[in-house]
Each structure stands twice: as C-alpha cells, then as structure tokens.
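What follows is the residue order along each chain.
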Amino acid sequence: MTQQPTSRSTTLSQDELKAMVGQAALRYVVPGEIVGVGSGSTVNKFIDALASMKEQIKGAVSSSVASTQRMQALGIAVFDSNEVERLSVYIDGADEIDHQGNMIKGGGAALTREKIVAAQSARFVCIVDESKLVGRLGKFPVPVEVIPMALQRLTRQFAALGGTASVRMKDGQSLITDNGQLILDVAGLQISDPRSFESEVSQWPGVVTVGVFAFQKAQVCLLATPAGVKTMMF
Ligand code: 5RP
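Worth saying up front: this structure is predicted, and the values here are computed from it rather than measured. (Residues numbered from 1 in each chain as written. Predicted model: local features only at pLDDT ≥ 70, side-chain atom pairs only at ≥ 80, totals over all residues. Heavy atoms only, no water.)

This next bit is on the sheet that holds strand β15 (residues 212-213). Pairing in this open sheet of three strands is antiparallel, and the strands run β6-β7-β15 from one edge to the other. Across the chains shown, the open sheet's two edge strands, defined by having one partner strand only, are β6 (96-97) and β15. Two elements, strand β7 (residues 103-104) and β15, share two bridges in a ladder whose sense is antiparallel. Along β15, the bridge assignment pairs Ile104 with Val212. (Pairing = 2+ DSSP bridges. Helix = DSSP H or I, 4+ residues; strand = E, 2+ residues; numbered from the N terminus.)

So this is what it looks like as structure tokens:
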C-alpha cells in the first residue's frame, strides 16, 4: 500500500474524505477518452471534480439515472454504454471492499448498471473512505436486484444460506430500481468465498444482479484516510 503525501492529519468529516478521494481519482482519467462513472455520494464528489476537466475528455458512460443527470447538469457528455466498446477505466464507490479488491455494492440500488459498466472497463478504480475496508465481506447487507415474482422463493433461498432478506423501501413503498425491479437487502451472510457466492446466487432464477463484485472486482482502491489518500493495488 502506498500513501500519497497530503497535507492534513486532523479530523476530517465523511464529506471531506469523500471529496478528497473524488479529487484523487482524477489522475486515473485518461485525457481524450470516455470514462466509466459509477453512482453514490462518493462518486458525486468525483463527478464534481471531473467537471473541472470536462474539456479534456470525450465524456462518460454512466451507471445510473442520478449520475447521468448530475453529469449532464455539469456539461459532461454522457454516452450510452452500447455506443462504446471498451472503457479504459471505471470509477465507482463501494459499500465494502476487502483486501483482494472484492466488493459489496448496491447501497444506492444501481448495482446492475454498475456491474455492466465495470464489465466493459479494463480497470476498476474503487473510491472509498477507510470505514469501507473489511477483512471479510458481509457485514453490510448484500443488495440483490430481483424480479418481483421471485421474491418469496429468493427470500427462502437466502434463509437457507443463513441470510435475512428484506425488500428495500423508499418513502413507505418498495424502491423501484432504474431497471423497474426490486432490491432485496440480505443481512447475516458470511461471504468467505466471494467468487463462488457471486457465481451461485447469480444463477438463481429471478436474480437480476447480486451486489457482490468478485468477477468485476477492483484493480485499484483509493482509500481516503485522515492522513491522506492511500492506494491499494490488487
Ligand atoms: C450504488 C453503490 C455505491 O457505490 C455504494 O453504495 C457507495 O455509495 P456511497 O459512496 O454513497 O457510500 O454501489 O449502488
């Protein structure tokens, strides 16, 4: 793990840590190219920073309606993922990341599009604060995007693995994703082998996307700490 020299080693708010790592991610953006952009509050800081170099890039492929709207409001061109064959870099946050670069994602319900954009990118740069770094994935409930008619059976299947699934709610109603589906948040899972977990759950009928990113794991993690941004390579 390398650490860039940065100024302060004082108490920084969560918001300041996110802004710091969002800014640090700019050095992975390749001038003249299209960059893959994730979703969430940390990525919002990256998008704000990206606006400062929007003239130097062609634009972005976005992983959510919210990120698309934020980028367009800042004058960053947004391309459909089908218009772009390969991206050299994808920059996104995570809810948890382990020391091998495996992640839990989907706290913002954008996991399906995030996995799609990550899959077309040569390098995943994950931007998080240090609270997201874990020894083993699973403390954060695993988000799973599901087809509504499979809800009860999938809830039973997760229970058989020791997990407790609940439908994500928003404003008193089931949250509907950008793809028109539901999110199950599954608490209590012990994910000792992220690849086999992702493989198995991805095959269950009715699962659109499981929020474990082991096949599309990060190659780089920029970790915001009060002492500066640390870089982990996997
Ligand atoms: C959205 C995601 C986000 O990357 C993840 O939830 C982290 O978000 P934040 O930066 O707000 O903590 O996976 O689906």
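Structure shown, so let's carry the discussion forward.
Bringing the sheet that holds strand β10 (residues 164-167) into the picture now. Pairing in this open sheet of four strands is antiparallel, and the strands run β10-β13-β9-β14 from one edge to the other. Whereas interior strands pair on both sides, the edge strands pair on one side only; in this sheet they are β10 and β14 (207-210). Going across the sheet, the axis of each strand differs from the next one's by a mean of 30 degrees, ignoring polarity. Sheet analysis places strand β9 (residues 142-146) next to β14, joined by three bridges and oriented antiparallel. Note on β14: the bridge partner recorded for Val146 is Val207. This element, helix α4 (residues 111-119), spans β9, β13 (182-187) and β14 of the sheet and lies at about 65 degrees to β14. Relative to β13, helix α5 (residues 151-160) is tilted by about 15 degrees, and along the sheet it contacts β9, β10, β13 and β14. (Axes fitted to C-alpha atoms, helices over the stretch in contact; angles between N-to-C directions. Contact = heavy atoms within 4.5 Å.)

Below, the discussion takes up the site of the ligand. In the vicinity of the ligand, 16 residues are found, and the nearest of them are Ser41, Thr42, Asp95, Gly106 and Lys132. With respect to the ligand, the backbone of Ser39 contributes an N or O atom lying 3.1 Å from an oxygen atom. Within the backbone of Ala110, one N or O atom sits 3.2 Å away from an oxygen atom of the ligand. Taking 370 Å² as the accessible area of the ligand by itself, protein coverage stands at 90%. Along the lines of polarity and charge, the residues of the shell around the ligand split into three nonpolar, eight polar and five charged. (Near = heavy atom within 4 Å. Polar contact = N/O pair within 3.5 Å; in protein donor to acceptor, adjacent residues only side chain to side chain. Areas by Shrake-Rupley, 256 points an atom, 1.4 Å probe, with all protein chains shown as cover. Nonpolar A, V, L, I, M, F, W, Y, C, P; charged D, E, K, R; others polar.)

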